Amino acid sequence: MKKAKIAIAVVVLVLAIAAGCVAGYLIINVKGPFTGTVTYAETGEPAANVSVSDGRNVVKTDDNGRYKLSGWRKARFVTVTPPAGYWTEDYYIPVVDGTPSYDFTLERSDIEAGAEHSFLQISDTEIGEGGTGEWLDYLKELADSEKPAFLIHTGDICYEEGLKRHKNDMNTQTMGVPVRYIIGNHDYVDGDYGEQLFESIYGPVWYSFEVGNVHYVVTPFQTGADYSSGYSKNDRWRWLENDLANTDPDMKVVMFNHDKPLSDDYVIEFDRKELDLKKHNLIAWVFGHYHYNYVDMNNGETVEETDDVLNISTARPDCGGIDESPSGARMIYIDENGVVTTEMHYYDDSRFTAADETHARLLAQLSGNVLFADPIYSGGKLFAATADDDWPRKCGVYCVDTASGAVVWEHETENSVKNNILLQDGKLIAQDCSGNICCLNAETGEELWSFSAAWNMPLNTSAGICTDGSLVFAGGVRDIRALDISTGEQVWQTNRDRGESSAAEFMLCGSKLIVSSHWDALVALDKETGSVLWSNDDEDIRFRSSTPAVVNENTLLVADSDAIMLVDANSGKITRKTDDTGYNFATASQPLIDGGTAYIASSDKGVVAYDIETGGIIWNMQPGVSMVYTAPYTGGDAKSVESKFILSGDTLIFAASDSRIYRINKADGSIVGSVTVGSPVLSTPVWGENGVLYAASFTGAIYEFTGV
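Now for a look at the structure at hand. The numbers attached to residues start from 1 for each chain and follow its sequence in the written order. Where totals are concerned, whole chains, interfaces and linings use all residues; where local detail is concerned, this predicted model gives features only for residues with pLDDT of at least 70, and gives and counts side-chain atom pairs only at 80 or more. For side-chain calculations, the full set of non-hydrogen atoms in the structure is used, while hydrogens and water are omitted.

A cis geometry characterises the amide bond from Gly32 onward to Pro33, with omega recorded as 10 degrees. Inspection of the secondary structure assignment puts Pro33 in the loop between helix H1 (2-23) and strand S1 (34-40). For the bond from Tyr347 to Asp348, the omega torsion is 15 degrees, close enough to zero to count as cis. Helix and strand labels come from DSSP, where a helix needs a run of H or I of at least four residues and a strand needs a run of E of at least two; each type is numbered from the N terminus. Topologically, Asp348 is positioned in the loop between strand S21 (340-346) and strand S22 (360-365). One non-glycine residue, Tyr633, lies in positive phi territory at about 60 degrees. Summarising the element assignment, Tyr633 is placed in the loop between strand S46 (617-621) and strand S47 (646-648). Despite not being glycine, Ser659 shows a phi value in the positive range, around 90 degrees.

The next subject is the pairing of strand S14 (residues 252-256). Within S14, 4 of the 5 residues are buried, which leaves the element mostly enclosed by the surrounding structure. When DSSP locates at least two bridges between a pair of strands, those strands are taken to pair. Relative to S14, strand S13 (residues 214-218) runs parallel, the two being bridged by 5 bridges. Across the sheet, the residue bridging to Tyr216 is Val254, located in S14. With strands facing away from the observer, any crossover in which the path from the first strand over the helix to the second runs clockwise is taken as right-handed. The handedness of the S13 to S14 crossover, carried by helix H6 (residues 233-245), is right-handed. Where S14 and strand S17 (residues 282-287) come together, 4 bridges link them in parallel fashion. Only protein chains enter the accessibility calculation, which uses a 1.4 Å probe; a residue whose area is less than 20% of its type maximum is buried, one above 50% is exposed, and one in between is partly exposed.

This next bit is on the packing of aromatic side chains. For this analysis, a ring pair means two rings from Phe, Tyr or Trp (six-membered ring only for Trp) whose centres lie within 6.5 Å, classed as stacked if their planes differ by under 30 degrees, edge-to-face if by over 60, and tilted for the remaining angles. Across all of its chains, the model carries 38 aromatic pairs by this definition. For the ring pair Tyr193 and Tyr231, a centre distance of 6.3 Å and an interplane angle of 75 degrees mean the geometry is edge-to-face. One end of the pair, Tyr193, is in the loop between strand S11 (179-181) and helix H5 (196-202); the other, Tyr231, is in the loop between S13 and H6, with 38 residues separating them in the sequence. The burial state of Tyr193 is the same as that of Tyr231; both residues are buried. An aromatic cluster is defined as three or more aromatic residues linked by ring pairs; in this entry it consists of Phe77, Trp87, Tyr91, Tyr92, Phe119, Phe150, Tyr207, Phe209, Tyr216 and Phe256. Remark: a charge is flagged as sitting over a ring if the NZ atom of Lys or the CZ atom of Arg is within 6 Å of the ring centre and within 35 degrees of the ring normal. Directly above the aromatic system of Tyr193 lies the positively charged group of Arg76, at a separation of 3.9 Å from the ring centroid. Sitting over the face of the ring of Tyr583, Lys605 holds its NZ or CZ atom 5.4 Å from the ring centroid.

Right, let's get into a negative patch on the surface. Negative charge collects at one region of the surface, where Glu134, Asp137, Glu141 and Asp144 lie side by side. Residue position: Glu141 is located in helix H2 (residues 135-146). Judged by relative accessible area, which is 52%, Glu141 ranks as exposed. Only residues above 30% relative accessible area that lack a salt bridge enter a patch, with like-charged residues linked at up to 9 Å and the nonpolar side chains Val, Leu, Ile, Met, Phe, Trp and Tyr linked at up to 5 Å. All accessible-area figures derive from a Shrake-Rupley calculation using a 1.4 Å probe, and residue coverage is judged against the displayed protein chains alone. Any Lys or Arg side-chain nitrogen found within 4 Å of a carboxyl oxygen on Asp or Glu counts as a salt bridge. Only four residue types enter the tally: Lys and Arg on the positive side, Asp and Glu on the negative side, with His and both chain ends excluded. By convention, charge coordinates are those of NZ in Lys, CZ in Arg, CG in Asp, or CD in Glu.

A separate point is the sheet that holds strand S9 (residues 117-122). Hydrogen bonds between backbone atoms are what pair the strands of a sheet, whose relative direction is either parallel or antiparallel. Strand order in this open sheet of 5 strands is S11-S10-S9-S20-S21, and the pairing throughout is mixed. Edge positions in the sheet fall to S11 and S21, since each has one partner strand and no second. Taken over all neighbouring pairs, the strand axes of this sheet differ in orientation by 25 degrees on average, direction set aside. One ladder, built from 3 bridges, connects strand S10 (residues 151-153) with S11; its direction is parallel. Bridge pairing links Ile152 to Arg180 in S11. Every residue pair with non-hydrogen atoms within 4.5 Å of one another is taken to be in contact. Only the stretch in contact is used when fitting a helix axis, every axis being a line fitted to C-alpha atoms; angles between N-to-C directions are given from 0 to 180 degrees. Of the strands in this sheet, S9, S10, strand S20 (328-334) and S21 touch H2, which is tilted by about 175 degrees from S9.

Let's shift gears to the environment of Asp103. Structurally, the position occupied by Asp103 is in the loop between strand S7 (92-94) and strand S8 (104-108). Classification of Asp103 as partly exposed rests on a relative accessible area of 40%. The sequence separation of Asp103 and Val641 amounts to 538 residues, and the corresponding C-alpha distance is 56 Å. Side-chain polar atoms of Asp103 contact the side chain of Ser101, separated by 2.5 Å. Two N or O atoms form a polar contact when they lie within 3.5 Å of each other; inside protein one atom must be a possible hydrogen donor and the other a possible acceptor, and for residues adjacent in sequence the pair counts only when both atoms belong to side chains.

Strand order in the open sheet formed by 4 strands is S22-S53-S52-S51, and the pairing between neighbours is antiparallel. The strands lining the two open edges of the sheet, one partner per strand, are S22 and strand S51 (686-687). As judged from the 4 bridges shared by strand S52 (residues 693-696) and strand S53 (residues 701-705), these two strands associate in the antiparallel manner. Looking across to S53, one finds that Leu693 is bridged to Phe705.

Any cysteine sulfur atom paired with another within 2.5 Å is treated as part of a disulfide. Going through the model one piece at a time under the given rule, you end up with 0 disulfides. Cysteine Cys399 is unpaired, with the sulfur of Cys438 as its nearest cysteine sulfur at 13 Å. The buried category is assigned to Cys399, whose relative accessible area is 1%. Unpaired in this structure, Cys438 has its nearest cysteine sulfur neighbour in Cys439, at a distance of 7.9 Å. With a relative accessible area of 6%, Cys438 lands in the buried category.

The next thing to look at is the nonpolar core. The criterion is simple. A nonpolar core is a set of buried Ala, Val, Leu, Ile, Met, Phe, Trp, Tyr and Cys residues joined through side-chain atoms within 4.5 Å. One finds Leu139, Phe150, Tyr216, Leu240, Phe256 and Leu277 to be the most contacted residues of the largest nonpolar core, which totals 97 residues. Residues Ala360, Ile661, Ala695 and Ala701 belong to the second largest nonpolar core, which totals 15 residues.

Here we come to H2. Count 3.6 residues to each turn of an α-helix, and residues three or four apart come out pointing the same way. Expected span of a helix: the number of residues minus one, times 1.5 Å. Its 12 residues place the ends of H2 16 Å apart at the C-alpha level, agreeing with the 16 Å of an ideal helix rising 1.5 Å per residue. Buried within H2 we find Trp135, Leu136, Tyr138, Leu139, Leu142 and Ala143. When H2 is viewed along its axis, its buried side chains cluster within an angular range of 155 degrees and face the same direction. Facing away from the buried side of H2 by more than 90 degrees, the exposed set consists of Glu141, Asp144 and Ser145. In this structure, the buried side of H2 is in contact with S9, S10, helix H3 (159-169), helix H4 (172-175), S20 and S21. Of the residues one or two after H2, Lys147 is the one with positive phi, at around 50 degrees. In this description, the arc belongs to the directions extending from the helix axis to the C-beta atoms.

Shown next as structure tokens:
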């Protein structure tokens, strides 16, 4: 019996070793110690004072380029930190029992120590076995033109098939620049532990390297992964403490992670200790996960200027973000003083063209982009608002004289204005992505009052405000406020503390304020008190990109995902649902109700006419393919309409993401006329006087149209 048990144990051990070899490394623990050398490839000479780690301990090489690590029971790799001025693609070696020496060579980098440089960030590609797609060609062209020091993918590659495929499509050889990956929550897959497959393909989930004057640190996703981690939080942060302790104190630090910072003050707590990243010259925390394009300073906190830290979030390169952030990649630049600037490159802005000058006149060019903030025309003036996903940013609210095209006044906002603005009794009201609400004199731009709403959300992106003429309803889906329109004083506040941002606007239905809380519910509040009247979290109604429409005082029409629903405005119950329509209605638009017909925008197939009484689709009109993707998870050959509709006699006027303004027959959807703007139009055109139409393009250009 004893011999049989020994034989079984040997077989199990052999199988475990074989399985580990197939995965690319041994899954049995090799505790160390680990020894080796680091040399310069160019000369073969030893590289002294270079950091090497076993995943816990970090040591420096001696004058002979040698090192010795005491070892760690969970060690799976030995890694080297290439110092500024040097680089290696072979920065890690899997730990295998019996390996006598873990040796590294460093090649001379094109970027000298201390020099300014840049890198390219993408995130959340979430590919499957089908591969990366056409956006990769755009990314290659961007890398070739911008020549970043490296490309970083900040996680969610995604699931087993994506993990196996992505690195074949996007690697240092295929991209022409060094490529590095970070593990995201969907990259933890079934195995002996969640990181096992990732490590077998992409290597360690934490490591560091240096470029120019920056020490870059890659760390793994923190909490809420799809499968359990093989490491504790103390494992990763003990290593980070050791890594930073061995870093030149004059180097700036940039943290890469799939998730946002662990705390508002950038202090990591572990092992009954605290690690203050600001004391190690932290200048930026770069992440993905939320599918948002967003840059924020110091988590919105006021600190000493020398402690400024940028939080940089980038959405998907291939499709719209959860909050309808435009698809793209981000270039991040760091100068010789450690000053960080960023520039979004939207996919696919290479397709942008000039406007059709036969019918379009460029009236003004505003700073930033115009997303879902519909321009407002009044008395020869056009009011518009802009967003800016970059840093430093320039965005705000503008008043343009439509006769001359001159900017009468501009009011710079702290953050982007991504959603609608209001004009009421000579007051222009706007809310930015930090929750700042301003009320301006529409004639002069003078600030009449301002209010700062604490949105209680990790990333503030967009929320549509509304008014009943006496109250302004603002804030965000987690923290809703009613303000006196005359004074800006708060009348009530409702803190729901859940839900995500989207392009859906607040809206009124009688005495009820309807709030679309993304990935949560459709909610009705009493507009006088803020008390919650009802909440509906039906699977087709809780994903809220589009704004509901009022059919009558008792009925709402709600379209999102692939469903069109009639909702009792008094109870919140769905009275009829048309689902599996074959269309995706997740756009920033709002259905237009015209008698018994609703005209509804889709993110994939243009516009549909819907019979409210029968629940049937009457017709479908499809514009061209989108030039930039904004609708959540929508890309490829999508034909998105983010604009609302203008009813003009027997026709409808709207804008599309293919860069055209359309006029179509409301009876059958046939095209009466169209004009190209050259870049996507995501907001709604507006009538001026004498049949003149105005529209704001995504690029911030204001156009005047005739003959649409």
